[in-house]
Every structure is written in structure tokens, then in C-alpha cells.
Amino acid sequence: MKLRESVIDKSIVQNFLVDAVRKFSPYCPGDLSMATPLIRTGIVDSLTIMEVTKYIESCINTSLPVAKINRESFRTLEALSDMLFDFIKEHNLDLDIDGLKGMG
Amino acid sequence: MDNLGQVLERSINLYPDDVALICSGEQVTYAQLGERVAQFASYFSGLGLNKGDSVAIASFKSIDVVSVMQAALRVDLVYVSLDPRFPPERLKELIRDAAVSVVVLDEFLSQEWSKLEFLPDCIQYALTLHDEKKLEIKSDVKCHNFKEINSDSNDYKRFVPQRKGEDLAYLLYTSGSTGKPKGVRITHDNALAFVEWAASEFEFSQDEHFLNHAQLSFDLSVLDLYNAFLAGARVTLLPEDDAMFFSYVVNLIRDDQITNLYMVPSGIIGLMDKGALMKEAMPKLKRILFAGEKFPVTRLKALLDWVEPNQEVYNLYGPIETNVCTFSKIKTDIVFRSECPIGEAISNAQVALRQDNGIISYDGEGEIVVSGRCVSPGYLNSPILNKSKFFLQDNHRWYCTGDYGYFDKNKVLWLKGRKDNLIKIRGYRIELDEIESHVQDTELVDDVVAVFHGSNSESGAIVLWCVFNQQALDSYGSIDIVVNLIRQKLKSVLPHFMLPKLIKSVKELPKTNRGKVDRLKLKERGI
């Protein structure tokens, strides 16, 4: 399913990212909240960041600017959602929220 | 010099006004660092601890953390640097094993630990570095906040260490095959043997700028800190949060004019691939040192393609038990085989090959064994392991690395493979047996084996192949629930880099003719 920016609300982006982090992190706790620190808890490491970034890029069909991939964006899921939501809005992008299903 | 703390002392005396450490926008000169070290030393000395007692530092990188390490050496304590991201159960196990008297926590871990019901009995004091509030831990531990402590001295010279040579300086923990992590004891002399060799080989100068990319609990940090201190150079401590963002690191290398980079190969590859590390990004870089895992030859060739003739690339080899014991300067005209050579022994070590019949030789093939000043006196609380990994021969005490190697006709050493189930992922040493041991403890499986699938640490993954216990499957109703229980157990005891990517079910594990689990067959089966 592809969603246009105009119909996206932030919760869709948030759910999309929760699934992505759960998929790629080897260390995701059961009670992952939007405010859980991602880096400090080891939920994401350098490899997870690369995989999640690559996955996001495939689902929005464009590259994220290097400046967007930083410790602030990956601090929490909330911060990551804010960054992605704003980027999608700013560039009028599609988000393929079914991307994970094609990744086995 | 016979005490590791004297390395810093020298530069405090010689270069008091030069910048020593930089971290997250803060920087201190050598004189200021000396004052900060003295404040922590004053705090420790007021606790009435015995010489050789342990201080565990479970904190993210900061200038204060390095000051605590140096203060511990100054007042004859042994420091243990622990990754604060480890699960609480693992941290507690390490603290218990090291009989830690004082734990030093940062804000993040202080919050996490305030939720814990039980802490190891050995802890007498907990010191928090950053929290404005007073630390509260539910136990008999006396808690202090460093910001509230009135130090009665910032005079570095007041503290004169007595311990030296064969006394312990610090402990490093690594994965253990029996299910428990191993504490590697490092003496002042062990550490100085490496630092002195590195200073002589690389001729670090006072105008250099080191980037400390590795965690402080990693032995790569020994060179970053102590060789910079010895040279009177400056070190930027790269916070763990920033170290994961390759483009940030490359910008820092360029903008801060870093001269010395010491990283694991997968980190350097990350900088090349994701951070666009290239000639233009490192005008001042004098040398790239790598260690901790194999550097894939094709990627190393790509690096050598754009390295300038005045920039040096070195492969440093050695397990934690010896720190670096061999080195190889990688020249642009080097002839690679399937990998790059690990080279020749450092000046403070002897490296030889042990044949199956126990004979030590300096040619042919065999297990790489090391002796000399750099070799650890052994593991903490592990007499049986010490007996199997260290031995006396020809008036030398040797350490068995578990790596197989061979000397070529030019007496250059090359790696061939492993004797056991130890693997390296992004520089982390992982005993697959340790993972299996924790799964066995759950009693949810009849048999289990952990296999590393993949050819390199960036694309590979640990996969658990399990023969699930039928009674457990019947009682929980589905494999998914059992798999989740295993995952929960592993998350509670293992650091993130040791967690399996996949847990697969098999009816039985394939065996070799000798009755051992056939890991190769499982690898070939794929995931």
C-alpha cells in the first residue's frame, strides 16, 4: 500500500518505524515506546542504523540527506518519526508502508 | 616508567598548557586534566579502600570518565571499564566477578540502576558523575554525587602511586566459552610494553591529534589514550552515540585535522562506504591503524588506492590477553593472499607456532602462541582456564591465542583460522559457546548450536539452530512462544552484539564423522 503525504498522519509513520526497528534490531525490548532511548540502550547500533536507513530510503524511494542521519534523529523513535514525517512532507514523497512484507 | 599513571604525569609536567582531551564540545589542558584527576583521586583516597581494590566505570565516554581511570591508577586501584549498554544482569555478573568496591555511573545508568532491587554485595560505594540529583540505589551502597563532593585537593603531585610492574592496572572483560565472561588481568608492565612499543614504532609527536573511536572498554583505546598522553598530544573522545554515524566521523576527521585513526576494519569500511572517507577528507591524517578483525582484501585495496605515500596503514594483531603482539605495515605494493599478513612480532613480544605435539617452532604452521612483557598474567578467578591457555616452555610463559597461522619464507606471519568457536563481529570477540550455554540453561531446547553465517562481520549474522524440547513445545503451545522466551533470556544476559539474528528449528543437528556438530553443514544450509 502506498500512502500520499496528504493522507499520512504521524501515527502511520510512527508505526512504520516501530516495525522497522523491531525488524532490524537484534535487541528490541517488548515494551518499546516512542520515548525509549535507541542508542544508549543498544537497541540500535551502527549496523541497525544502516539497515533502518536503507529500508526507509527504499520505502520513500529517495535517499535521506546525510545531515538527517545523526544521533539526534536516532535518539528515540519519536525523534526519528519527526525527522521522517517532516522530510516526507517537505519533499511530497510517498511512503510504502508495506515494504517490510517484501523483506521476508 | 613502571606505573601506567606516570604516562599522563609526564605530560602534565612537560605540557601543562596544551590541550589534552576533547569530548562533546568540552576540552581540557594537561594541567586541568591533572587537577580533575587529583579531585577524583582525593575522593577515592578518602574512602579507605585497600591497594588493588577495583573501581568499575560503567559510563559513556567523557573527560570525567578518563579522569576516573587515571585517578584509580594514581591511588593504586584497579579500574574496570564496562559498557553501560550491557544488560544489568551482565554488568552485575562482571562487578561480582571483579569484586568491585566502587562503581562509577553516569546519568543514564544511575537512572537504570535506581530501578534495580539487588546489587552485588561487594559494592561499597556508588559515584554518579553527571546527575544533579543524589543517586538512590536500593541497597546498602553509599551513594555520592561527584558534584556535591568537596574535594580537599586538586594537587596532582599529592598522590604518588606505589603499585607498578606486575601489579594489576586494569581488567578487560571478554566473552567466555563457559557461559561466563572472562576477566583479563592487565598489569602496569603489560600495558607499558605495548605503549612503549607503539611510541617507538609510530613516532607519535606532540602536535598530533588522536581520534578515540573505540569504546573505553576496548583495548584499542589503550593506544588512543596512553600514546597520546605519552606524546603530549591531544585526543578527541568520540562519544558512543556519534561514533555510529559515519558521515559525522568523517567530518570530524577533516575539520579537527585528526592525524591518527585506530579502528576495527568494519568501522573503516563504514567510513569509506557511508561517510565518504577519501583523500580529501583527511588532509592531515598520518596513519590508519586497524585491528580486531580481518580487513577484507578487496576493501583494503580500495583504501590503499587513495592513501598518499606519506600516509601509513598498519594491521595490528593481538588478542586482549596480549594486546597487540604482531604488526604489519601495509605498503601499496603489497602482495595479498586471501587476506593481509599480520606481520612480525612487536619488540616486546615473542611470537611462535605451537604444533599439535606441543613443539614450539618459528616456521611452518601451527597455533599462534605469544610470550613476553605484553602477555597477561591470566584470567581472574579462572584457574582451569589459565591452565589451558597459558603454559611454560623454554623458560618462557606462553599464551595460546587459539588462532592458527603460518610463517612465509620471509618470516612474515599470516592467519589461517580458529581452533575454537570464537568469532569477531565488528571487533567484538564472541564465544559462540557462551550463547549456546545460556540457551541450554533455559531447558527449552534439547540441543543448540550457534553458527555465524556470512563471510564478513558487516553482512554476516549469528543464527541459533535449536532442537526444541518437545515438553516445552507442548506446554507453551507454539514454537513462537518458545523462541520469544529464549530471546528474552538472551537479552537479559548478553550484550546486543552477541544476540542471534535468527532462531531456527531443526529436528536434529547434523554431526561430523567424529560426532561433533557439523557447523559447516548448517552454514551451507543457509538462512
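## Some words on the overall build of chain B
Reasoning step 1: On a plain count of helices and strands, chain B comes out with 16 helices and 28 strands.
Reasoning step 2: C-alpha extents for chain B along the principal axes are approximately 65 × 60 × 50 Å.
Reasoning step 3: In chain B, which comprises 527 residues, the proportion classed as buried is 61%.
Reasoning step 4: Counted over contacts in chain B with a minimum sequence separation of 6, partners at least 24 positions apart contribute 65%.
Reasoning step 5: Here chain B has roughly 21500 Å² of accessible surface; of this, 46% comes from carbon and sulfur atoms.
Reasoning step 6: Charge-centre separation for chain B: the mean point of 61 positive side chains lies 4 Å from the mean point of 72 negative side chains.

## Re the overall build of chain A
Reasoning step 1: Along the backbone of chain A there are three helices and two strands.
Reasoning step 2: Of the regular secondary structure in chain A, the N- to C-terminal order runs β-α-α-α-β.
Reasoning step 3: The proportion of buried residues among the 104 residues of chain A is 50%.
Reasoning step 4: Across chain A, contacts joining residues at least 24 apart in sequence account for 67% of those joining residues at least 6 apart.

## Comments concerning the pattern of salt bridges
Residues and elements named next belong to chain B.
Reasoning step 1: Under the definition given, this model contains 28 salt bridges over all chains.
Reasoning step 2: The partner of D64 in a salt bridge is R36, and the shortest N-O contact between them spans 3.0 Å. Taken as a pair, D64 in helix α3 (residues 63-74) and R36 in helix α2 (residues 30-45) lie far apart in primary sequence, 28 residues in all.
Reasoning step 3: Taking relative accessible area as the criterion, R36 reaches 18% and is therefore assigned buried.

## What about the interface of chain A and chain B?
Reasoning step 1: In this assembly, 22 residues from chain A lie in contact with 20 residues from chain B.
Reasoning step 2: Of the roughly 2200 Å² buried between chain A and chain B, counting both surfaces, carbon and sulfur atoms make up 60%.
Reasoning step 3: The tally of links from chain A across to chain B stands at four salt bridges.
Reasoning step 4: Of the charged contacts in the structure, one is a salt bridge between B:D242 and A:R71, with a shortest N-O distance of 2.8 Å.
Reasoning step 5: Taken together, the links from chain A to chain B amount to five residue pairs in polar contact (both at pLDDT 80 or more).
Reasoning step 6: Of the residues forming the side of chain A that touches chain B, the biggest block, five residues, is contributed by helix α2 (residues 46-60) of chain A.
Reasoning step 7: Grouping the amino acids of the side of chain A that touches chain B by side-chain chemistry returns 14 nonpolar, four polar and four charged.

## Describing the sheet that holds strand β15 (residues 326-329) of chain B
Residue and element names in this part refer to chain B.
Reasoning step 1: Taken together, nine strands build an open sheet; the order of strands is β2-β1-β11-β10-β12-β13-β14-β15-β16 and the sheet is mixed. For this open sheet the edge positions go to β2 (26-29) and β16 (344-345), each flanked by a neighbour on one side alone.
Reasoning step 2: As judged from the two bridges shared by strand β1 (residues 19-23) and strand β11 (residues 234-237), these two strands associate in the parallel manner. Considered in β11, the bridge of L21 is made with V235.
Reasoning step 3: The sheet strands contacting α2 are β1 and β2, and the helix crosses β2 at an angle near 95°.

## Brief notes about the domain arrangement of chain B
All names here are of chain B.
Reasoning step 1: Looking at chain B, the domain boundaries give domain 1 (24-187), domain 2 (335-420) and domain 3 (425-525).
Reasoning step 2: Taken residue by residue, the interface counts 11 residues in domain 1 and seven residues in domain 2.
Reasoning step 3: The interface formed by domain 1 and domain 2 includes five residue pairs in polar contact (both at pLDDT 80 or more).
Reasoning step 4: Residue assignment for the side of domain 1 that touches domain 2 shows that the elements contributing at least two residues are β8 (168-174) and β9 (182-187).

## What to know about the nonpolar core
Residue and element names in this part refer to chain B.
Reasoning step 1: In this structure, L21, F44, Y226, F229 and L316 are the most contacted members of the largest nonpolar core, which totals 96 residues.
Reasoning step 2: The greatest single-element share of this core, amounting to nine residues, is contributed by helix α7 (residues 220-231).
Reasoning step 3: In this structure, this core is formed jointly by two domains, domain 1 (24-187) and domain 2 (335-420), each of which donates at least three residues.
Reasoning step 4: Discounting chain neighbours no more than four positions away, the residues touching L316 are W197, F202, Y262, L289, F290, A291, G292, V324, T326 and F327.
Reasoning step 5: With 58 residues, the next largest nonpolar core counts I95, L116, L119 and F468 among its residues.

## Thoughts on the pairing of strand β7 (residues 142-145) of chain B
The two faces of the sheet receive side chains in turn, since in a regular strand these alternate between them.
All names here are of chain B.
Reasoning step 1: Where burial is concerned, the two faces of β7 differ: the one with C143 and N145 is buried and the one with K142 and H144 is not.
Reasoning step 2: The sheet contact formed by strand β6 (residues 125-128) and β7 spans four bridges and is parallel. Paired with Y125 across the bridge in β7 is K142.

## Regarding the environment of A:D19
Reasoning step 1: Position of A:D19 among the secondary structure elements: in helix α1 (residues 10-24).
Reasoning step 2: Spatially, the C-alpha atoms of A:D19 and A:D45 are 16 Å apart, while their sequence positions differ by 26 residues.

## Remarks on unusual backbone geometry
Across the chain, the bulk of peptide bonds are trans and the bulk of non-glycine residues have phi less than zero.
Residue and element names in this part refer to chain B.
Reasoning step 1: For N323, which is not glycine, the phi dihedral falls at a positive 50°.
Reasoning step 2: Relative to the elements of secondary structure, N323 occurs in the loop between β14 (312-317) and β15.
Reasoning step 3: The buried category is assigned to N323, whose relative accessible area is 8%.
Reasoning step 4: Even without glycine at this site, K411 takes up a positive phi of about 65°.
Reasoning step 5: In this structure, K411 sits in the loop between β22 (396-407) and β23 (413-418).
Reasoning step 6: For K411, a relative accessible area of 49% gives the class partly exposed.

## Describing empty space enclosed by the protein
Gaps left between atoms are located by rolling a probe of water-molecule size over the structure's atoms.
Reasoning step 1: Applying the stated criterion across every chain yields a total of five cavities of 30 Å³ or more.
Reasoning step 2: In this model, the largest cavity occupies a volume close to 370 Å³.
Reasoning step 3: Lining the largest cavity are 21 residues, with A:S46, B:H213, B:Q215, B:A243 and B:Y428 positioned closest to its centre.
Reasoning step 4: Broken down by secondary-structure element, the contributors of at least two residues to the lining of the largest cavity are α8 (240-243), β12 (260-263) and α10 (265-274) of chain B.
Reasoning step 5: When grouped by side-chain class, the residues that make up the lining of the largest cavity number 10 nonpolar, six polar and five charged.

## Some points on α2(A)
Residues and elements named next belong to chain A.
Reasoning step 1: Its 15 residues give α2 an end-to-end C-alpha distance of 21 Å, which sits within 8% of 21 Å, the value for a rise of 1.5 Å per residue.
Reasoning step 2: Counting buried residues along α2, 11 of its 15 residues qualify, which places the element largely inside the surrounding structure.
Reasoning step 3: Taken together, the buried positions of α2 are S46, L47, T48, I49, M50, V52, T53, Y55, I56, C59 and I60.
Reasoning step 4: Phi for N61, located one or two positions after α2, is positive at around 60°.

Conventions and cut-offs
- Residues numbered from 1 in each chain as written.
- Chains lettered and ligands numbered in written order.
- Predicted model: local features only at pLDDT ≥ 70, side-chain atom pairs only at ≥ 80, totals over all residues.
- Heavy atoms only, no water.
- Helix = DSSP H or I, 4+ residues; strand = E, 2+ residues; numbered from the N terminus.
- Buried < 20%, exposed > 50% of the residue type's maximum accessible area, 1.4 Å probe, protein only.
- Contact = heavy atoms within 4.5 Å.
- Areas by Shrake-Rupley, 256 points an atom, 1.4 Å probe, with all protein chains shown as cover.
- Lys, Arg positive; Asp, Glu negative; His and termini not counted.
- Charge placed at Lys NZ, Arg CZ, Asp CG, Glu CD.
- Salt bridge = Lys/Arg side-chain N within 4 Å of Asp/Glu carboxyl O.
- Buried area = accessible area lost by both parts, 1.4 Å probe.
- Polar contact = N/O pair within 3.5 Å; in protein donor to acceptor, adjacent residues only side chain to side chain.
- Nonpolar A, V, L, I, M, F, W, Y, C, P; charged D, E, K, R; others polar.
- Pairing = 2+ DSSP bridges.
- Axes fitted to C-alpha atoms, helices over the stretch in contact; angles between N-to-C directions.
- Domains from an automatic or database assignment.
- Core = buried A, V, L, I, M, F, W, Y, C linked by side-chain atoms within 4.5 Å.
- 1 Å grid on protein atoms, 1.4 Å probe; cavity = no way out; pocket = protein on both sides within 12 Å on 5 of 7 lines; lining within 4 Å.
- Points joined across faces, edges and corners; volume = space filled by probe spheres on them.
- Expected span 1.5 Å × (residues − 1).

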